Structure formats: C-alpha cells, structure tokens
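Each chain, letter by letter, is given below.
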4 protein chains.
Amino acid sequence: MIQVSVCGPREATQQDLANAREIGRLLAERGAAVICGGYSGVMNAVAEGSASAGGLVIGILSQHTKTDSNPHLTVAIPTGIGEARNAIIALAGDAVIVVGGSWGTLSELALARRRGATVVQIGGWRISDSSGKPVSGVIYADTPEDVIDRTGLFA
Amino acid sequence: MIQVSVCGPREATQQDLANAREIGRLLAERGAAVICGGYSGVMNAVAEGSASAGGLVIGILSQHTKTDSNPHLTVAIPTGIGEARNAIIALAGDAVIVVGGSWGTLSELALARRRGATVVQIGGWRISDSSGKPVSGVIYADTPEDVIDRTGLFA
Amino acid sequence: MIQVSVCGPREATQQDLANAREIGRLLAERGAAVICGGYSGVMNAVAEGSASAGGLVIGILSQHTKTDSNPHLTVAIPTGIGEARNAIIALAGDAVIVVGGSWGTLSELALARRRGATVVQIGGWRISDSSGKPVSGVIYADTPEDVIDRTGLFA
Amino acid sequence: MIQVSVCGPREATQQDLANAREIGRLLAERGAAVICGGYSGVMNAVAEGSASAGGLVIGILSQHTKTDSNPHLTVAIPTGIGEARNAIIALAGDAVIVVGGSWGTLSELALARRRGATVVQIGGWRISDSSGKPVSGVIYADTPEDVIDRTGLFA
C-alpha cells in the first residue's frame with residue numbers, strides 16, 4: 001500500500017492541527033497508510049484524522065516504550081533511538097508531508113530532501129540561502145487537498 | 001492492538017519455516033500484529049502466515065529502501081540503520097518470539113532480554129555460562145501453539 | 001576534554017572549506033576534539049585543519065565500513081546507521097558549528113537546536129517562519145575566530 | 001590507527017575486571033584505540049587500563065548526554081540511540097573483544113559476528129545449537145595476552 005510520512009510539531013497552531021487532521025482523513029480515504037512520530041500536536045491530529053476514516057497509522061516513537069504515544073495509532077513502534085528516529089520517518093514515506101514548523105520537523109524535512117524524497121509542506125518554516133534566495137526542493141501547498149495532489153502519489 | 005515481534009534467520013530449516021508460518025497464522029487469528037525484519041526466510045514465512053489469515057505485518061527493514069522486502073508485509077519501514085534496527089524489533093513487541101538461530105537472530109534475542117521482555121523460542125540456539133550451565137531468561141517451546149501460549153499475551 | 005561538532009556539506013564553496021580548515025586549526029589549538037561526519041568537503045577540511053595542529057578528530061561515519069572516510073581522522077567510527085548518524089553528531093558536541101549549507105547539514109543544525117545546543121553558523125542557509133521573519137536560535141558569525149568565540153566554550 | 005572494540009557487562013566478576021584492565025593496558029601499549037560502551041564495570045576497567053598507559057579511549061554512550069560515563073574516556077559520544085548503539089560498537093572495531101557475559105554483551109558479540117568480524121572472548125557465555133554442539137565463530141582465549149594475540153591485529 002502507499003505510505004506517506006506526515007511530520008509536524010507537538011506545539012502546533014490551530015490551523016496546523018486542522019490541516020493535519022484533514023490530511024490524515026484524505027490519506028485514509030485514498031487507501032494510504034500514515035507514518036508519523038506518534039506523539040501529540042500534528043502527530044496526534046493526523047493520526048486522529050486517518051483513524052476517523054478507518055486508515056492505518058504507524059507511529060515511529062523516539063522513546064523505548066509506548067508511553068505518551070497518541071491513542072489513534074494502529075501500531076506504535078517504540079524505537080528507543082531518540083531523535084534519530086526522525087531519519088526513519090523521513091525514509092519511510094513514499095512522499096513526506098510537512099505541516100507547520102519546529103526544529104524537529106525541520107530535521108525531518110531536511111532528511112527527506114537529503115534522500116531526494118518529494119516533500120510537500122503546508123504552513124511552517126522557509127529556507128533560503130545566505131543571500132536570501134529561497135532554497136529549492138520543497139513544494140508549498142495551500143490546502144490539504146492541494147497537499148495530497150502535489151505528492152504526485154494519487155494521480 | 002497486541003503486537004508481537006518474530007525473529008529468525010534468512011537461511012532457515014524447513015521446520016523453522018513451517019513453525020514461523022503457523023505462528024504468523026495463529027497471531028493473526030488472535031488479532032495481534034506481527035513485527036519482523038521484513039526480508040526472506042523466517043521473516044517471510046511469519047509474514048506469509050499472518051497475511052494468509054488477514055493479519056497486519058510490519059517489516060522493520062535494515063536498508064534505506066524497500067528493496068528485497070518480502071511481499072506479505074502490510075507496511076514496510078525502511079530504516080536505513082542497518083543491523084541497529086534489530087534493537088527496534090527487540091523493543092517493538094509486547095513479547096518477542098524467536099524461531100531458529102543465526103547471529104542476527106541471537107542479537108535480537110539478547111536485546112529483547114536486555115530490556116527484560118518475554119522471549120519465547122522454538123528451535124535455534126542455546127546459551128550457557130562458561131561452566132556449561134544454561135543462562136536463564138528464555139522460554140523454550142515445542143510447538144507453535146505452545147509458543148503463542150507461553151508469550152502470556154493471550155490468556 | 002571539550003568536544004565540538006562541526007557540520008557542513010560535501011560539496012562546499014572555497015570559502016566554506018577555508019573557514020572549516022581554520023576552525024579545525026583553532027579548535028585544536030584550544031585543546032578541543034572535533035567531531036564530524038568524516039567524509040569529504042567541509043568534513044575533510046575541518047579534520048585537516050585540526051590534524052595540522054595536532055588535534056584529535058573523530059569521524060562519525062554513516063556507512064558500516066571506513067570506506068571513503070577522509071585521511072585526517074584520528075578515529076573513524078563506522079556506524080552503519082546512515083543519515084540517522086546526523087543525530088549523533090548533533091548530540092556529541094558541547095557546541096555545534098555549522099559551515100555552509102546542504103540538506104544533510106540543515107538536518108544536523110535542526111537536530112542540534114532540537115536538543116537545545118548552542119549552534120554557531122558561518123555561511124550557509126537561513127531559516128524564517130512563513131511570514132519571512134527569521135527563526136531565532138542560531139548564532140551567525142563572520143570569521144572563524146568569531147565562530148570559536150561565540151560557542152562560549154573558551155572564555 | 002588500529003581500533004579495537006571491547007565489550008562486557010556493567011556487573012562483572014573481579015576476574016573480568018582484571019582481564020579488562022589488562023587488555024586495555026596492552027592495547028594502549030600497542031598503539032590501538034579502544035572503543036567501548038563508556039559506562040561502568042568492564043567498560044570502566046578497559047578504559048582505566050588504556051588510560052593508565054596513555055591510550056585513546058572512545059566511549060559510545062547509549063544515553064543522549066554524558067551522564068554516568070566513566071572518567072577514563074578520552075572522548076565520550078552520547079548517541080541517544082539506546083541499546084542500538086551496541087551495533088555501532090560491534091562495527092567500530094577492527095576486531096571485537098568480549099570480556100564476560102550479559103545480555104547486552106551477547107548482543108554486541110552477535111552483531112559483531114553478524115558482520116563477520118573477528119571476535120575474541122575471555123570468560124563469559126557460550127553458544128551452542130539445539131543439539132548442544134558449540135556454534136563456531138568465536139575465538140576463546142585464556143589470558144589478556146592471548147586475547148590480544150588472537151585478534152590477529154598485532155602480528
């Protein structure tokens with residue numbers, strides 16, 4: 001099945017949370033599994049959205065137990081490898097969706113681009129070179145539907 | 001849902017493969033997800049057994065792509081962390097089942113015992129101290145049904 | 001001893017390489033060990049600079065062997081965990097220095113900030129929120145001496 | 001420089017500790033760096049032995065800070081990846097020496113053999129197949145000098 005990683009911060013804006021929930025729902029409707037970090041904020045919202053539509057959600061947890069994982073995960077994978085698990089989230093999706101901004105989220109975005117994955121972002125941070133010119137490689141979308149379309153996975 | 005890690009070698013005996021297939025089937029019947037390494041041999045057999053009964057199987061791959069993963073996985077997680085992913089397999093199960101023996105399998109068994117997990121083994125290697133006395137901590141079972149029972153997860 | 005992680009791209013500008021070499025030299029003079037990714041570009045330049053002044057350099061390699069590691073490392077640690085090793089580089093320094101920009105480098109910067117480390121950057125990329133306002137948390141320096149001073153480790 | 005991983009339990013026998021200390025000293029005398037887990041017991045003893053002879057010791061820590069690392073390390077690398085760091089210790093040595101037995105130690109031995117490394121053991125656990133026949137692949141030595149000789153690195 002198609003699997004899509006969805007990244008975003010624990011402390012998210014209401015807009016980010018609404019976007020994540022809708023993205024989760026849309027992915028479930030299209031039959032795609034969601035991979036996420038498994039905790040609160042955007043991770044919880046995308047899992048909740050997917051679960052509400054009967055979708056499959058895998059949480060790749062940083063901790064070595066399931067403590068604090070959100071209740072919407074189909075399967076929780078406690079990795080025990082800390083933030084290094086961000087590299088796994090960045091690898092595990094056929095595309096990577098970024099909702100909102102934080103340092104952890106930025107690391108996932110960067111690791112996804114490092115491997116050459118399609119990265120679609122809504123909200124969140126922007127990256128430019130030292131002259132102020134945007135660094136290319138991230139697709140910016142305006143709505144959850146647009147995010148899904150621009151992954152290129154559901155044509 | 002209950003999730004059980006099943007470990008075993010790529011190059012397995014016919015008995016190991018038959019045991020793994022039946023263990024996969026029994027876990028699916030009991031509604032438990034299977035976590036495995038995602039490649040061939042015992043990993044393929046347990047996945048095939050689970051899938052044959054409609055079960056959920058997560059493959060935690062050592063490589064950074066899905067190349068060579070077996071076709072019975074519901075979701076394949078390419079970790080890119082090599083054999084360090086054995087530590088994740090050892091953590092991710094509510095219990096850990098070992099079918100057959102190899103160095104990779106032994107590392108998973110040892111890491112599972114390191115965290116204090118219930119480990120049930122069928123076939124495979126044995127561990128003793130330097131005086132030849134068996135090291136305690138692994139439960140040995142004789143049949144797939146016995147393996148499932150002795151995990152203590154389905155009482 | 002004080003240990004400082006130095007991150008930067010394989011494909012670096014001449015300015016980045018000169019900066020990295022000088023930073024390596026200055027760290028060695030101050031008795032600090034350098035932690036780096038161990039390959040070419042900025043990683044090679046900082047190692048060369050440190051080694052030229054008799055410094056200790058540890059390369060944390062992504063691959064599972066020492067292949068392609070640069071010749072200036074005192075010790076090369078082949079981790080076999082791929083880009084997840086960036087999380088280790090981000091953790092291992094008492095401060096983290098960033099020289100130049102790339103996706104891999106950005107992931108190290110982000111992981112270092114995720115843990116709250118002091119991050120001092122020269123050259124490279126900039127991060128802003130969606131309104132164009134710079135995200136705080138990274139110290140920008142203009143010269144190698146300034147980079148060293150602003151780590152706060154050698155007062 | 002030659003680098004040798006030395007593995008062993010936190011809770012070790014007096015004999016294991018004496019052996020580890022002497023192995024550390026001998027490795028330093030031969031100009032080899034020691035890689036170890038960085039905490040107490042055998043890890044502390046081998047580091048102490050190496051440091052007593054002016055050797056270089058790298059501790060690959062499971063935790064994300066240097067807390068509880070032993071005082072004899074030249075450089076401590078906090079990985080934050082938990083027991084998955086055992087895979088790094090198993091990879092990082094040109095040979096792997098095992099002193100004493102524990103589940104964590106066994107995982108390092110198994111991961112070292114998984115990659116085909118030379119593994120020399122003194123004290124500790126034994127591995128046999130289900131018929132009781134020893135599994136080949138580990139070299140057993142009787143004295144610290146014998147351990148060093150049988151790594152084959154100092155001929």
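See the structure shown above.
Now for a look at the structure at hand. All figures in this text were calculated on a predicted structure; none of them were measured in a lab.

Reading the values: the criteria
- Residues numbered from 1 in each chain as written.
- Chains lettered and ligands numbered in written order.
- Predicted model: local features only at pLDDT ≥ 70, side-chain atom pairs only at ≥ 80, totals over all residues.
- Heavy atoms only, no water.
- Pairing = 2+ DSSP bridges.
- Helix = DSSP H or I, 4+ residues; strand = E, 2+ residues; numbered from the N terminus.
- Contact = heavy atoms within 4.5 Å.
- Axes fitted to C-alpha atoms, helices over the stretch in contact; angles between N-to-C directions.
- Polar contact = N/O pair within 3.5 Å; in protein donor to acceptor, adjacent residues only side chain to side chain.
- 1 Å grid on protein atoms, 1.4 Å probe; cavity = no way out; pocket = protein on both sides within 12 Å on 5 of 7 lines; lining within 4 Å.
- Points joined across faces, edges and corners; volume = space filled by probe spheres on them.
- Nonpolar A, V, L, I, M, F, W, Y, C, P; charged D, E, K, R; others polar.
- Phe/Tyr/Trp six-rings, centres within 6.5 Å; stacked < 30°, edge-to-face > 60°.
- Buried < 20%, exposed > 50% of the residue type's maximum accessible area, 1.4 Å probe, protein only.
- Lys NZ or Arg CZ within 6 Å of the ring centre and 35° of its normal.
- Buried area = accessible area lost by both parts, 1.4 Å probe.
- Salt bridge = Lys/Arg side-chain N within 4 Å of Asp/Glu carboxyl O.
- Expected span 1.5 Å × (residues − 1).

**Notes on the sheet that holds strand E5 (residues 95-99) of chain D**
Residues and elements named next belong to chain D.
Piece 1. If you trace the seven strands from one edge of the open sheet to the other, you get E4-E3-E2-E1-E5-E6-E8, paired in parallel fashion. The strands lining the two open edges of the sheet, one partner per strand, are strand E4 (75-78) and strand E8 (139-140).
Piece 2. By the bridge criterion, three bridges tie strand E1 (residues 3-7) to strand E2 (residues 33-36) in an arrangement that is parallel. Paired with Val4 across the bridge in E2 is Val34.
Piece 3. Against the sheet, helix H1 (residues 14-29) engages E1, E2, E5 and strand E6 (119-122), with an angle of about 155° to E5.

**Some thoughts on the environment of Asp94 of chain A**
Piece 1. Relative to the helices and strands, Asp94 of chain A is located in the loop between helix H3 (85-92) and strand E5 (95-99).
Piece 2. Not counting the four nearest positions on each side in its chain, Asp94 of chain A is found in contact with Met1, Ile2, Gln3 and Leu153 of chain A together with Lys66 of chain B.
Piece 3. For Asp94 of chain A, the side chain forms a polar contact with the side chain of Lys66 of chain B, separated by 3.1 Å.

**Description of empty space enclosed by the protein**
Rolled over the atoms, a probe as big as a water molecule pinpoints where empty space is left.
Piece 1. Per the stated rule, a full pass over the model turns up four cavities of 30 Å³ or more.
Piece 2. The calculated volume of the largest cavity comes to roughly 50 Å³.
Piece 3. Lining of the largest cavity is provided by Val98, Gly100, Gly101, Ser102, Thr105, Leu106, Leu109, Gln121 and Trp125 of chain A.
Piece 4. Element by element, the count of residues in the lining of the largest cavity is highest for helix H4 (residues 103-114) of chain A, at three residues.
Piece 5. Here the residues of the lining of the largest cavity sort into four nonpolar, five polar and no charged.
Piece 6. Each pocket or cavity is described by its volume, and for the second largest cavity that value is around 40 Å³.
Piece 7. Lining the second largest cavity, in full, are Val98, Gly100, Gly101, Ser102, Thr105, Leu106, Leu109, Gln121 and Trp125 of chain B.
Piece 8. Top contributing element to the lining of the second largest cavity by residue count: helix H4 (residues 103-114) of chain B, with three residues.
Piece 9. Here the lining of the second largest cavity is composed, by residue class, of four nonpolar, five polar and no charged.

**A few points about the packing of aromatic side chains**
All names here are of chain C.
Piece 1. In this structure the tally under the stated criterion is four aromatic pairs over all chains.
Piece 2. Geometrically, the ring pair formed by Trp103 and Trp125 is edge-to-face, given 5.0 Å between the ring centres and 80° between the ring planes. Remark: Trp125 occurs in the loop between strand E6 (119-122) and strand E7 (126-128) and Trp103 occurs in helix H4 (residues 103-114); sequence separation between them is 22 residues. Across the pair, Trp125 and Trp103 agree in class, each one buried.
Piece 3. We note Arg10 situated over the ring of Tyr39; from NZ or CZ to the ring centre the distance is 4.5 Å.

**Structural notes on the side chain of Ser5 of chain B**
Residues and elements named next belong to chain B.
Piece 1. Considering the arrangement of structural elements, one finds Ser5 in strand E1 (residues 3-7).
Piece 2. Its relative accessible area of 0% is what places Ser5 among the buried residues.
Piece 3. Residues in contact with Ser5, not counting those within four places in the same chain, are Ile35, Ile89, Ala92, Gly93, Ala95, Val96 and Ile97.

**Overview of the sheet that holds E1 of chain B**
All names here are of chain B.
Piece 1. Across the sheet, which stays open at both edges, the seven strands sit in the order E4-E3-E2-E1-E5-E6-E8 with parallel pairing between neighbours. A strand with exactly one partner marks an edge of an open sheet, and here the two such strands are strand E4 (75-78) and strand E8 (139-140).
Piece 2. As defined by bridge partners, strand E5 (residues 95-99) adjoins strand E6 (residues 119-122) across four bridges and the pair is classed as parallel. Within the sheet, the bridge partner assigned to Val96 lies in E6 and is Val119.

**Remarks on the interface of chain A and chain C**
Piece 1. Taken together, the 24 residues of chain A in the interface contact 24 residues of chain C.
Piece 2. For the pairing of chain A and chain C, the buried interface totals around 2100 Å² over both sides, and the portion due to carbon and sulfur atoms is 71%.
Piece 3. Broken down residue by residue, the surface that chain A buries against chain C is led by Trp103, Arg114 and Arg126 of chain A, which jointly contribute 31%.
Piece 4. Connecting chain A to chain C are two salt bridges.
Piece 5. With a shortest N-O distance of 3.3 Å, Arg114 of chain A and Glu83 of chain C are connected by a salt bridge.

**Quick look at helix H1 (residues 14-29) of chain C**
Residue and element names in this part refer to chain C.
Piece 1. Taking 1.5 Å of rise per residue, 16 residues should cover 22 Å, and H1 covers 23 Å from first to last C-alpha, within 8% of that figure.
Piece 2. Within H1, the full set of buried residues consists of Asp16, Leu17, Asn19, Ala20, Ile23, Gly24, Leu26, Leu27 and Ala28.
Piece 3. On its buried face, H1 is in contact with strand E1 (3-7), strand E2 (33-36), helix H2 (42-52), strand E5 (95-99), E6 and helix H5 (144-150).
Piece 4. One or two steps after H1, the chain reaches Gly31, where phi turns positive at roughly 80°.

**Some words on the pattern of salt bridges**
Piece 1. With the rule as written, the count across this model stands at 24 salt bridges over all chains.
Piece 2. Arg21 of chain A is the salt-bridge partner of Glu48 of chain A, the closest N and O atoms lying 3.2 Å from each other. Here Glu48 of chain A, found in helix H2 (residues 42-52), pairs with Arg21 of chain A, found in helix H1 (residues 14-29); they are 27 residues apart in sequence, far enough to count as distant.
Piece 3. For Glu48 of chain A, a relative accessible area of 30% gives the class partly exposed.
Piece 4. Note that Asp94 of chain B and Lys66 of chain A form a salt bridge whose closest N and O atoms lie 3.1 Å from each other. Of this pair, Asp94 of chain B sits in the loop between helix H3 (85-92) and E5 while Lys66 of chain A is found in the loop between strand E3 (57-61) and strand E4 (75-78), placing the two residues in two different chains.
Piece 5. Taking relative accessible area as the criterion, Asp94 of chain B reaches 32% and is therefore assigned partly exposed.
Piece 6. Put simply, Glu22, Arg25 and Glu29 of chain A are held in one network by salt bridges that share partners.

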